[in-house]
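Overview (structure and organization)
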Amino acid sequence: MSDGSPRASLSDWGLEPAVDYIERVQRSDGLVLWYPDGPADPWDHVESAMALSVAGRREAAARAYRWIADAQHDDGALWATYGDADGEEGAHDGDEPRKETHRSAYVAVGVWHHYLCTGDRDFLESLWPTVRDALEFACRQQAPTGEIYWTVGADGAVYEDALIAGCASLYKSLACGAAIAAELERDAPRDRWLEARTRLGEAIRERPDRFDRTWESKSRYAMDWFYPVLCGVITGDPARDRLEDGMDRFLEDGLGCRCVADEPWVTVAESCELVVSLAAVGRVERAREIYEWLFQWTDDEGVFWTGYQFEDEAFWPGERPTWTGGAAVLAADALSGLSEAADLFTDPLSE
């Protein structure tokens, strides 16, 4: 959602180093690691690929989506994480291998975003089976009450609980999948996905009892606060009210958005997603103000740190994730109209 600002290029925002870093960290097979020699996950991989698309790095972005097509399992899912640079699949830091619905399905958002940026119909056609199978996997995990369960184990067992932020992401994935299906005239899955999306939205808005039933509430995390707005589940005045109600709890003036309400830690990625959420409800000047704060959290090259621990006055952790730079590029796009996909999260008509 551009407000007419003269900042209309990646270099004007000082974001070329962030995109260069993403491309340097991307492996030759297309996978974008979190950082050199680090792990990867499908959701953050797509976030980084979207930044490449905005920046006009079309081949690098397309290679990222081809990696998803190649890595996708027969059931349409991907592993939640992909180990490290050696390619270990399924687990990271001792986690059990699993297939998370929102991470598997987010390819739909990325593929539609890349098509909006490039107009490349051949690309859209080639990735259609990947998008279709990923969304079908997610829809198979939808509960009768509308929420979509979080994950499926390597043994096929479904973990029957749901995350607000994860389901909001799925809501956006289903919208983008439906847009792809409409563009390609695939009516049958489109109708099914829109029905699933409607039920999912009702669960997020009206059935809070269906989330966080078997683990501690995630409401202390900023993503639970703004993701229903970011992903279009809540719009209009209710969305503006929701964001306003959480500002005192999550926003640290002059620094950014806390990742967790009770921790003295602001993170660049969450701050950028809050920026896009504010732009989506028409609070563009406030969004721009918060976004400008974030450039103090870069290294000497202009690459973003994860975040800043303001009690210790230190960058923490000492990592520069590719997806953090990806989020910064998408926020700049939402504010300044850098690409043809700039309105993806700020204008529901783009779905």
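One can find the structure itself at the top, above this paragraph.
Residues numbered from 1 in each chain as written. Predicted model: local features only at pLDDT ≥ 70, side-chain atom pairs only at ≥ 80, totals over all residues. Heavy atoms only, no water.

1. Things to note about the packing of aromatic side chains
The following threshold applies: Ring pairs are drawn from Phe, Tyr and Trp, using the six-membered ring of Trp, whenever the two centres fall within 6.5 Å, and their geometry is named by plane angle: stacked under 30 degrees, edge-to-face over 60, tilted for the rest. Elements are defined by DSSP. Helices are runs of H or I of four residues or more, strands are runs of E of two residues or more, and each kind is numbered from the N terminus. Partly exposed residues are those whose accessible area sits between 20% and 50% of the maximum for their type, while under 20% is buried and over 50% is exposed, using a 1.4 Å probe and protein chains only. Two conditions define a charge located above a ring, namely a distance within 6 Å from the ring centre to NZ of Lys or CZ of Arg, and an angle within 35 degrees of the ring normal.
For the structure shown, the criterion picks out 20 aromatic pairs. Centroid distance Trp 305 to Phe 315: 5.3 Å. Interplanar angle 20 degrees. Geometry classified as stacked. Of this pair, Trp 305 sits in the loop between α12 (284-293) and β7 (307-309) while Phe 315 sits in strand β8 (residues 314-315), and the two are ten residues apart along the sequence. Using a relative accessible area of 33% as the deciding quantity, one classes Phe 315 as partly exposed. The ring of Trp 79 carries Lys 99 above its face, with NZ or CZ at 5.6 Å from the centroid. Note that Lys 172 overlies the ring of Phe 345, its terminal NZ or CZ placed 5.1 Å from the centroid.

2. Quick look at the pattern of salt bridges
For clarity, the cut-off: The rule for a salt bridge is simple: a side-chain nitrogen of Lys or Arg has to be within 4 Å of a carboxyl oxygen of Asp or Glu.
In the structure shown here, the tally under the stated rule is 25 salt bridges. The residue Arg 207 makes a salt bridge to Asp 209 at a minimum N-O spacing of 2.8 Å. Its relative accessible area of 32% is what places Arg 207 among the partly exposed residues. Judged by its relative accessible area of 43%, Asp 209 falls in the partly exposed class. Between Asp 299 and Arg 320 there is a salt bridge; the shortest N-O distance is 2.4 Å. Of this pair, Asp 299 sits in the loop between α12 and β7 while Arg 320 sits in the loop between β8 and α13 (322-336); the two residues are 21 residues apart in sequence, bridging distant segments of the chain. The exposure class of Arg 320 is buried, given its relative accessible area of 19%. Within the structure, one salt-bridge network assembled from shared partners comprises Glu 16, Asp 20, Glu 23 and Arg 57.

3. Quick notes on the state of the cysteines
Applicable threshold: Two cysteine sulfurs form what is called a disulfide whenever their separation falls within 2.5 Å.
Considering all chains together, one arrives at zero disulfides under this definition. Considering cysteine sulfurs only, Cys 231 is the nearest to Cys 176, which forms no disulfide, with 9.2 Å between them.

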